There are 2 protein chains.
Amino acid sequence: MTIKVIMQELSTSEENYIKAIYAIEQAERDTVSTNALAEQMQTKASSVTDMVKKLSAKSLITYEKYKGVTLTEEGIAIAIKLIRKHRLWETFLVEKLGFGWDEVHEIAEQLEHIQSSKLTQKLDAFLNYPKFDPHGDPIPNEDGVIHKNEKARNLSETDLQEAYIVIGVSDVSPSFLKYLDKNGINIGSKIKVLQRYDFDQSISIEFNGKEINLSKTAVQNITVIPN
Amino acid sequence: MTIKVIMQELSTSEENYIKAIYAIEQAERDTVSTNALAEQMQTKASSVTDMVKKLSAKSLITYEKYKGVTLTEEGIAIAIKLIRKHRLWETFLVEKLGFGWDEVHEIAEQLEHIQSSKLTQKLDAFLNYPKFDPHGDPIPNEDGVIHKNEKARNLSETDLQEAYIVIGVSDVSPSFLKYLDKNGINIGSKIKVLQRYDFDQSISIEFNGKEINLSKTAVQNITVIPN
DNA sequence: AATATATTTTAGGCAAGTCTAAAAATATTA
DNA sequence: TAATATTTTTAGACTTGCCTAAAATATATT
Ligand SMILES: [Mn+2]
Ligand SMILES: [Mn+2]
Ligand SMILES: [Mn+2]
Ligand SMILES: [Mn+2]
């Protein structure tokens, strides 16, 4: 007797909620509150309550009134599949179609919902099984395994006078990425941390021979490893 | 004073209706009836009436009660853009990802709704501005121009003992395309029409040295040009 | 502990897209 | 042309996903 796993069809909205819950779970290591989810989804708390009941009924999250939600194993698997598709498509758009890294997130938000596991698998092969997307984020493999870089840290947690390599950005808004482009900073850029200003938590770095000042907000959105 | 053309955002459902109306208009050269549209959309006539009112309010079709619908200029432009995207994606899936021509239609049905004119343009360039999709259908260019082959005709309208080249298929169902695959018939296949059987309107052709019998239904779905 | 504040849920409503059943209009046929 | 059949529209209902306003619960403050 064979057991058939029925992978339920999810709406785009349901998928986006799953992704949002996953993202919050990764950031804060706690159950996800209704308000936090409403914030992430740019919607109202009452809408979140509605959706959260539906996802709970489908066993993709556990939900207790007034106590927030957590993804189930199945929910996590779905979230990771979506992230995999999102990052593969972003890689395709940059590597094959020549888009800038600031242009691909919005399009990938649409493409990640295309339903075809064969497509995902063939896209992965076509791209030569890339490990990271254009923003330096790791791409989960077909089994859902994500290889995080152990040495990765936020630029705000670095030592003075030490050399680092930029390996990722956590804000993918076009304005931030264009700002980095203007300064020539990209994934792989070699930098040295020169000074840290306590009054506004900005820092100055050496990059390509010149000194660049980065605001607190910019610094918080750059991930590096020691060089 | 500049006139700004506001390209309205359409839902996937609205887009599919526009495409369906266009397809029927091409086939029968007449206004499109509610029932014909319901048949094409695999839905009920009452649902069609509802949608037809909406599209009419958006000036994408002209609609008169009990008299069927016609696409407006704007409606036609939208239909052609969708067909362009559909066929470009099918080409991508076959040429770049290695899908079979029988596997791509369903996936392209999803991909054609991705919103980004820059994506369409870059995909076109990446594919080297292909003129035809994997089923031999012409791909509209960025200006909406479709180059139809003047010499194209249905296999049912061919002369005996004459040589032809298969240039297209009008049924894209996997079962039909797999049937052609089994016989080795593809776009570009050189064939000779041997005989025509009146009693069931089947024909026999010579292909690759061997004789193949094709049913009426098969014949009706193959497009050829004289060799 | 009682009160005030913040968070979350419920109640009720709206738009899109679909359906069934019934009514209205059009087309066919006797 | 009148009856019959077919097509199309309307009426009313359902689901999904969202909203606002109000009620319920939980948390913070005095
Ligand atoms: Mn992204
Ligand atoms: Mn990314
Ligand atoms: Mn197709
Ligand atoms: Mn095609």
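Anything mentioned here points back to the structure above.
This report concerns the structure included in the present document. (Residues numbered from 1 in each chain as written. Chains lettered and ligands numbered in written order. Predicted model: local features only at pLDDT ≥ 70, side-chain atom pairs only at ≥ 80, totals over all residues. Heavy atoms only, no water.)

**A word on the coordination of the manganese ion (ligand 2)**
Geometrically, a metal with four donors at the corners of a regular tetrahedron has ideal angles of 109.5 degrees, and one with six donors at the corners of a regular octahedron has ideal angles of 90 or 180 degrees.
Residue and element names in this part refer to chain A.
Then step 1. Within the protein, the atoms that donate to the manganese ion (ligand 2) are Glu90 (OE), Asp133 (OD) and His135 (ND1), at distances of 2.1 to 2.3 Å.
Then step 2. Donor residues for the manganese ion (ligand 2) sit on one chain with the sequence pattern E-x42-D-x1-H.
Then step 3. The distance between the manganese ion (ligand 2) and the manganese ion (ligand 1) comes to 3.4 Å, and Glu90 binds to both of them. Residue Glu90 is located in helix α4 (residues 73–95), and its partner Asp133 is located in the loop between α6 (117–126) and β3 (153–154); the two are separated by 43 residues in the primary sequence.
Then step 4. Given a relative accessible area of 1%, Glu90 falls into the buried group.
Then step 5. We classify Asp133 as buried; its relative accessible area is 6%. (Donors = N, O, S within 2.8 Å, 3.2 Å for Na, K, Ca; no water. Helix = DSSP H or I, 4+ residues; strand = E, 2+ residues; numbered from the N terminus. Buried < 20%, exposed > 50% of the residue type's maximum accessible area, 1.4 Å probe, protein only.)

**Observations concerning the nonpolar core**
Then step 1. Counting residues in hydrophobic clusters, the biggest one holds 32 residues, and the most contacted among them are Trp89(A), Phe92(A), Leu93(A), Phe92(B), Leu93(B) and Leu111(B).
Then step 2. The element that contributes the greatest number of residues to this core is helix α4 (residues 73–95) of chain B, accounting for 5 residues.
Then step 3. Excluding residues that lie within four positions of it along the chain, Leu111(B) makes contacts with Trp89(A), Leu111(A), Ile114(A), Trp89(B) and Leu93(B). (Core = buried A, V, L, I, M, F, W, Y, C linked by side-chain atoms within 4.5 Å. Contact = heavy atoms within 4.5 Å.)

**Digging into the protein's contact with DNA strand C**
Then step 1. Surveying the vicinity of DNA strand C reveals 21 residues, the closest of which are Tyr63(A), Lys65(A), Ser11(B), Thr43(B) and Lys54(B).
Then step 2. Considering DNA strand C, the proportion of its atoms within 4 Å of the protein that are sugar or phosphate atoms stands at 76%.
Then step 3. Between DNA strand C and Thr49(A), the relevant distance is 2.9 Å, taken from a phosphate oxygen to a side-chain nitrogen or oxygen of the residue.
Then step 4. Residue contributions to the surface near DNA strand C peak at 5 residues, all from helix α3 (residues 45–57) of chain B. (Near = heavy atom within 4 Å. Polar contact = N/O pair within 3.5 Å; in protein donor to acceptor, adjacent residues only side chain to side chain.)

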